[in-house]
Amino acid sequence: MSTFSSLLKVLGNPSHLRALLSFNNKGYLDDIGWFKAFDKKSPVDEAGNPIPWVTYSFIDFIKERITKKHKVFEFGSGNSTFFYAKYAGKVVSVEHDKDWLNKINKSDKKTKNSEMIYCELHRDGDYCRMPLKLNEKFDIIIVDGRDRVNCCKQSLEALNTGGVVVLDDSERESYKAGVDFLVTAGFKHLSFSGISPGLFYRKSTSIFYKADNCLGI
């Protein structure tokens, strides 16, 4: 259904419209800061703090599991970098957009335990191989940037024993090859579906894990 058709459907039912309007003053959407994120066009929580542009169900799960013992690598940077740095011991992000990288690096929200690396984007190139090029092992690798299927494929050798991979927008058909690769490699697939900050369509953020993983799943 198109956005216009959806709007007509809501406007044609006064009870639906009243219910939606009331959510701006009470209820789940207001409690989680969805309206604040919508207004700012940026992923933030109810207090205006930075959060990832992933599903709320995943955010609720992961913030209770990440500790200062964890090293996180992230494909893509932004509010998610600030969020993960709050909970993890170290966060390294790779970013292909130099202007965006400079903006994030200059933010007053950037912390000493986060590092952002610029890398030109070439499909199946250095970008997707950045965790390996750093010669480090990570507990959590978050695939939320570009060239995601290749990022999934190149991440495994950079994982610590018990490490996990997180893939955002895992419901998309274009990322199915990445999902299939990880499952074939022996990872279990745990999907968190729902809405995300400021967006009102159903999407999924998935964790791929094995036994005795660092998140205690």
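Residues numbered from 1 in each chain as written. Predicted model: local features only at pLDDT ≥ 70, side-chain atom pairs only at ≥ 80, totals over all residues. Heavy atoms only, no water.

Draft legend 1. Structural context of helix H9 (residues 148-155). Most of H9 sits out of view: seven of its eight residues are buried. Within H9, the full set of buried residues consists of Arg 148, Val 149, Asn 150, Cys 151, Cys 152, Gln 154 and Ser 155. Lining the buried residues of H9 we find strand E1 (71-75), helix H8 (130-133), strand E4 (138-143), strand E5 (159-168) and helix H10 (176-184). (Buried < 20%, exposed > 50% of the residue type's maximum accessible area, 1.4 Å probe, protein only. Helix = DSSP H or I, 4+ residues; strand = E, 2+ residues; numbered from the N terminus. Contact = heavy atoms within 4.5 Å.)

Draft legend 2. Local environment of the side chain of Ser 80. In this fold, Ser 80 is placed in helix H6 (residues 79-87). Its relative accessible area of 10% is what places Ser 80 among the buried residues. Not counting the four nearest positions on each side in its chain, Ser 80 is found in contact with Ile 51, Pro 52 and Glu 74.

Draft legend 3. The pattern of salt bridges, seen in detail. This model, assessed by the stated rule, comprises 11 salt bridges. A salt bridge links Lys 203 to Asp 168; the nearest nitrogen and oxygen atoms lie 3.0 Å apart. With a gap of 35 residues between them, Lys 203 in strand E7 (residues 199-209) and Asp 168 in strand E5 connect regions that are remote in the sequence. Comparing Lys 203 with Asp 168 shows no difference in burial state: the two are buried. With a relative accessible area of 3%, Lys 203 lands in the buried category. (Salt bridge = Lys/Arg side-chain N within 4 Å of Asp/Glu carboxyl O.)

Draft legend 4. Spatial organisation of the pairing of strand E6 (residues 188-196). Pairing between E6 and E7: eight bridges, direction antiparallel. The residue bridging Lys 188 from the neighbouring strand is Tyr 209, located in E7. Two successive antiparallel strands, E6 and E7, enclose a turn made up of two residues, where Gly 198 displays a positive phi of approximately 75°. (Pairing = 2+ DSSP bridges.)

Draft legend 5. Broad picture of the pairing of E7. Direction of pairing for E5 relative to E7: antiparallel, over a ladder of four bridges. Counted as the bridge partner of Val 166 is Ile 207 from E7.

Draft legend 6. Representation of the side chain of Arg 148 in the model. Along the chain, the position of Arg 148 falls in helix H9. Among the residues examined, Arg 148 registers a relative accessible area of 9% and is labelled buried. A polar contact of 3.4 Å, which involves the side chain of Arg 148, links it to the side chain of Asp 144. At 3.0 Å, the side chain of Arg 148 and the side chain of Asp 169 are in polar contact. Contacts of Arg 148, omitting those with residues within four sequence positions, involve Val 143, Leu 167, Asp 168, Asp 169 and Tyr 175. (Polar contact = N/O pair within 3.5 Å; in protein donor to acceptor, adjacent residues only side chain to side chain.)

Draft legend 7. Geometry of the packing of aromatic side chains. With the rule as written, the count across this model stands at 10 aromatic pairs. Summarising the aromatic geometry, the rings of Phe 75 and Tyr 127 are spaced 5.7 Å apart at their centres and angled 45° between planes, so their arrangement reads as tilted. Pair noted here: Phe 75 is in strand E1 and Tyr 127 is in the loop between strand E3 (114-118) and H8, with a separation of 52 residues, a long-range link. Here Phe 75 and Tyr 127 have matching classes, each one buried. Grouped by ring-pair contacts, the aromatic residues Trp 34, Phe 35, Phe 38 and Phe 200 constitute a single cluster. Above the plane of the ring of Tyr 118 lies Lys 98, whose end atom (NZ or CZ) is 4.7 Å from the centre. The side chain of Lys 210 reaches across the aromatic face of Phe 187, ending 4.7 Å from its centre. (Phe/Tyr/Trp six-rings, centres within 6.5 Å; stacked < 30°, edge-to-face > 60°. Lys NZ or Arg CZ within 6 Å of the ring centre and 35° of its normal.)

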